[in-house]
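# Results of the structural survey
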Amino acid sequence: MESSGGRAESSGRGPRVLVVGSGIAGLGAAQRLCRHPAFPQLRVLEATGRAGGRIRSERGFGGVVELGAHWIHGPSQSNPVFQLAARYQLLGEKDLSEENQQIDTGGHVGLPSVSYGSSGVSVSHELVVEMASLFYSLIDQTREFLHTADAPVPSVGEYLKKEIRRCAAGWMGDEPTRKLKLAILNSFFNVECCVSGTHSMDLVALAPFGEYTVLPGLDCTFPGGYQGLTNCIMASLPEGVIVFNKPVKTIHWNGSFQEALSPGETFPVLVECEDGACFPAHHVIITVPLGFLKEHLDTFFEPPLPTEKAEAIRKIGFGTNNKIFLEFEEPFWEPDCQYIQVVWEDASPLEDVASELRHVWFKKLIGFLVLPSSESVHVLCGFIAGLESEFMETLSDEEVLLSLTQVLRRVTGNARLPAPRSVLRSRWHSAPYTRGSYSYVAVGSTGDDIDLLAQPLPADGAEAQLQMLFAGEATHRTFYSTTHGALLSGWREADRLIALRDPQAQLPGPRL
């Protein structure tokens, strides 16, 4: 057992553990380990100047806006993010209600309050309801290929299109109505791209799609900002545990490293930072986003990762979903309006039109959520995914504001609609330590790749055990892309270390 690093620390101060990244996975792991007496030597290395990762709330527009995670998806008792938020008293009364926890949305986005067509005429609500019903019944069908031997087509997108073609062949009515129905469906495809964090549903694998698990509960937000949650977790950690502005360059593993301060002691891992600082450790929990891992796969690990693990990182999907916040002097929408859908009437999911991004990027926008307003503040939040979203990041605030003002004037039919007072947006693809928004199971990959990514290294028990552990939303097979998936993955890896160091430990719940 001695060579495994089981109890070999000569300093008698317990194993040295490093957590790379202070998003909710890293914070969750750190909090769990700090509460256990076997881990007095813990440090979290954070590349940026703030904790929270893809949870990012900013003061703006007289309130709080979420540049990252927006909702608790499935706020009910089996959701650890909901449980923590409730314990920290960060939620409203309605969101805590038993009634809200029992609502089952099936994971589908709510219907638009109003749908504007690109010709400046609003689209019949009845038609939108009919197409939503068709689209979401097809999405539900896609989840049924999970345990079948072979899916009829490789991707969710191809399956949806095949079924829509079949349905459309039986539509009665005139050609303009048929075109409008396809245009409405196209808008729902764009919504689904935002939900999956992908450029196209043709990239999302069909067979494993149903493995993603939707928890009960009506999705809710944090009145004071999502970051309140990560701030609370951070506040529970001992002073100085998190080291900010410390990007990691390379993780050297399966080695035998020494440190002047601990003569005679060897460490299997050495974490080398961009600024030259080096931290030896017995265990490192890596919680960096999959987008970052994809980009730095060749230099981040020394020796390189085993082929299987590297392949999983390459194969799992990781895309971009961004938000654009627009602030208005006065609302042009109705008081009870919650979601404005935009329908481009010439678009169809059954046709691919090649156009230059600069002329059409905004057509990928799904429309706008109306944020809860105060007396003087009126804010719309647009969502946009994929390559169009990544292109949007390269534009200036002025260009985005101008384009969206033109879109809104066009779809409302009001050429004199006042321009928004200001714009604020996320840029997750450009963020150097994130490089996108969240993961999905891409064509060519399966849930097994997610499990492979989650496996600690080295795989065999010959060398020191659990040198590198992996956490983050992309390592949770059924809750990938969510904050609760990320949190559970951080707990999972902390528990793995606790079980190694204290085999008698009673681990806290939930091990979902």
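The name recorded for the chain in an unreviewed UniProt entry is Polyamine oxidase, from Ailuropoda melanoleuca. If you open the UniProt record of the chain and go to Cofactor (unreviewed entry), you find "FAD". Quoted straight from UniProt, the Subcellular location (unreviewed entry) entry for the chain says "Cytoplasm".

## A short note on the pairing of strand S4 (residues 63–66)
Bridge analysis of strand S3 (residues 57–60) against S4 gives 4 bridges, and the strand direction is antiparallel. Bridge assignment links Arg59 to a residue of S4, and that residue is Val64. The antiparallel pairing of S3 with S4 creates a hairpin that spans 2 residues between the two strands, and Phe61 there sits at a positive phi of about 55°.

## What about the domain arrangement of the chain?
When cut into domains, the chain gives domain 1 (16–57 + 223–317 + 435–501) and domain 2 (109–219 + 321–425). The distance between the C-alpha centroids of domain 1 and domain 2 comes to 34 Å. The interface is formed by 17 residues belonging to domain 1 together with 18 residues belonging to domain 2. Carbon and sulfur atoms supply 55% of the area that domain 1 and domain 2 bury against each other, a total of about 1,300 Å² over both sides. A salt bridge links Arg477 to Glu211; the shortest N-O distance between them is 2.7 Å.

## Regarding the packing of helix H1 (residues 24–34) against helix H15 (residues 483–501)
Orientation of H1 relative to H15, taken along the N-to-C sense of each, is 35°, at an axis distance of 7 Å. The hand of the H1/H15 crossing is right-handed. Along the contact surface, H1 presents Ile24, Ala25, Gly28, Ala29, Arg32 and Leu33, while H15 presents Thr483, Ala486, Leu487, Ser489, Gly490, Trp491, Ala494, Asp495, Leu497 and Ile498. Looking at side-chain class alone, the contact of H1 with H15 contains 10 nonpolar, 4 polar and 2 charged residues.

## Concerning unusual backbone geometry
Note that the residue after Glu302, namely Pro303, is joined by a cis bond; omega there is -5°. When you line up the elements, Pro303 lands in the loop between strand S11 (301–302) and helix H10 (307–315). In this structure, Asn245 is a non-glycine residue whose phi angle is positive, near 55°. Position of Asn245 among the secondary structure elements: in the loop between strand S6 (242–243) and strand S7 (248–252). Phi at Leu466 is positive, roughly 50°, even though this residue is not glycine. Within the secondary structure layout, Leu466 lies in the loop between helix H14 (447–454) and strand S19 (468–470).

## A word on the packing of aromatic side chains
Applying the stated criterion to the full structure yields 17 aromatic pairs. An angle of 85° between the planes, with centres 5.6 Å apart, marks the rings of Phe328 and Trp333 as edge-to-face. With respect to burial, Phe328 and Trp333 carry one shared label: buried. Ring centres of Phe332 and Trp333 lie 5.0 Å apart, and the angle between their planes is 85°; this geometry places the pair in the edge-to-face category. A residue is classified by how much of its surface remains accessible, and Trp333, at 11% relative accessible area, is buried. A connected cluster of aromatic rings, assembled from ring pairs, spans Phe292, Phe300, Phe301, Tyr433 and Phe470. Geometry around Trp171 places Lys181 over its ring, the cationic atom sitting 4.8 Å from the centre.

## Some words on the state of the cysteines
Cysteine pairs can be covalently joined through their sulfur atoms, and such a bond is termed a disulfide. Per the counting criterion, the structure on display carries 0 disulfides. A disulfide-free cysteine, Cys167 has its sulfur positioned 19 Å from the sulfur of Cys193, the nearest such atom. Look at Cys167 and you get partly exposed, because its relative accessible area is 24%.

## So, the UniProt feature "domain: Amine oxidase" (unreviewed entry) in the chain
Under the UniProt annotation, "domain: Amine oxidase" (unreviewed entry) lies at residues 24–498. Helix makes up 34% of residues 24–498 and strand 16%, whereas the separation of the span's terminal C-alpha atoms amounts to 19 Å.

## Overview of H14
Given 3.6 residues to a turn, an α-helix orients residues that are three or four positions apart in the same direction. Taken together, the buried positions of H14 are occupied by Gly447, Asp449, Ile450, Leu453 and Ala454. Mapping the buried residues of H14 onto a view down its axis gives an arc of 155°, with all of them on the same face. Elements in contact with the buried residues of H14: helix H9 (290–300), H10, S19 and H15.

## As for the pattern of salt bridges
In the structure shown here, the tally under the stated rule is 26 salt bridges. Between Glu272 and Lys249 there is a salt bridge, with its nearest N and O atoms 4.0 Å apart. Taken as a pair, Glu272 in strand S8 (residues 269–273) and Lys249 in strand S7 lie far apart in primary sequence, 23 residues in all. When the shortest N-O distance is used, the salt bridge between Asp449 and Lys315 registers 3.7 Å. Of this pair, Asp449 sits in helix H14 while Lys315 sits in helix H10, and the two are 134 residues apart along the sequence. Within the structure, one salt-bridge network assembled from shared partners comprises Glu211, Asp448, Asp451 and Arg477.

## Some points on the layout of surface pockets
Empty space left among the atoms is revealed by rolling a probe the size of a water molecule over them. Of the voids in this model, the second largest pocket is the one considered here, and its volume is about 850 Å³. Only helix H6 (156–168), helix H7 (175–196), strand S14 (339–343), helix H11 (357–360) and helix H12 (386–394) provide two or more residues apiece to the lining of the second largest pocket. The element that contributes the greatest number of residues to the lining of the second largest pocket is H7, accounting for 6 residues. Its residues assigned to classes, the lining of the second largest pocket comprises 14 nonpolar, 8 polar and 8 charged.

## Comments concerning the nonpolar core
Counting residues in each nonpolar core, the largest one holds 47 residues, and the members touching the most others are Phe135, Ile184, Leu185, Phe188 and Phe325. Of all elements in the fold, only helix H5 (125–142), H6, H7, S14 and strand S16 (378–385) reach the threshold of two or more residues within this core. Leaving out residues up to four positions away in the same chain, Phe135 has contacts with Leu160, Leu185, Phe188, Phe189 and Glu192. Counting residues in hydrophobic clusters, the runner-up holds 42 residues, among them Leu27, Phe39, Ile233 and Leu500.

## What about the sheet that holds strand S2 (residues 41–45)?
With parallel pairing, the 5 strands of this open sheet are ordered in space as S6-S2-S1-S10-S19. Two strands lie at the open edges of the sheet, namely S6 and S19, each paired on one side alone. Bridging between strand S1 (residues 16–20) and S2 involves 5 bridges; their strand directions are parallel. If you follow Leu18 over to S2, its bridge partner there is Arg43.

Each value, and the rule that gives it
Residues numbered from 1 in each chain as written. Predicted model: local features only at pLDDT ≥ 70, side-chain atom pairs only at ≥ 80, totals over all residues. Heavy atoms only, no water. UniProt positions renumbered as here; feature names shortened; annotations may be inferred. Pairing = 2+ DSSP bridges. Helix = DSSP H or I, 4+ residues; strand = E, 2+ residues; numbered from the N terminus. Domains from an automatic or database assignment. Contact = heavy atoms within 4.5 Å. Buried area = accessible area lost by both parts, 1.4 Å probe. Salt bridge = Lys/Arg side-chain N within 4 Å of Asp/Glu carboxyl O. Axes fitted to C-alpha atoms, helices over the stretch in contact; angles between N-to-C directions. Left-handed = near helix turned anticlockwise from the far one by under 90°. Nonpolar A, V, L, I, M, F, W, Y, C, P; charged D, E, K, R; others polar. Phe/Tyr/Trp six-rings, centres within 6.5 Å; stacked < 30°, edge-to-face > 60°. Buried < 20%, exposed > 50% of the residue type's maximum accessible area, 1.4 Å probe, protein only. Lys NZ or Arg CZ within 6 Å of the ring centre and 35° of its normal. Disulfide = S-S within 2.5 Å. Arc of directions from axis to C-beta. 1 Å grid on protein atoms, 1.4 Å probe; cavity = no way out; pocket = protein on both sides within 12 Å on 5 of 7 lines; lining within 4 Å. Points joined across faces, edges and corners; volume = space filled by probe spheres on them. Core = buried A, V, L, I, M, F, W, Y, C linked by side-chain atoms within 4.5 Å.

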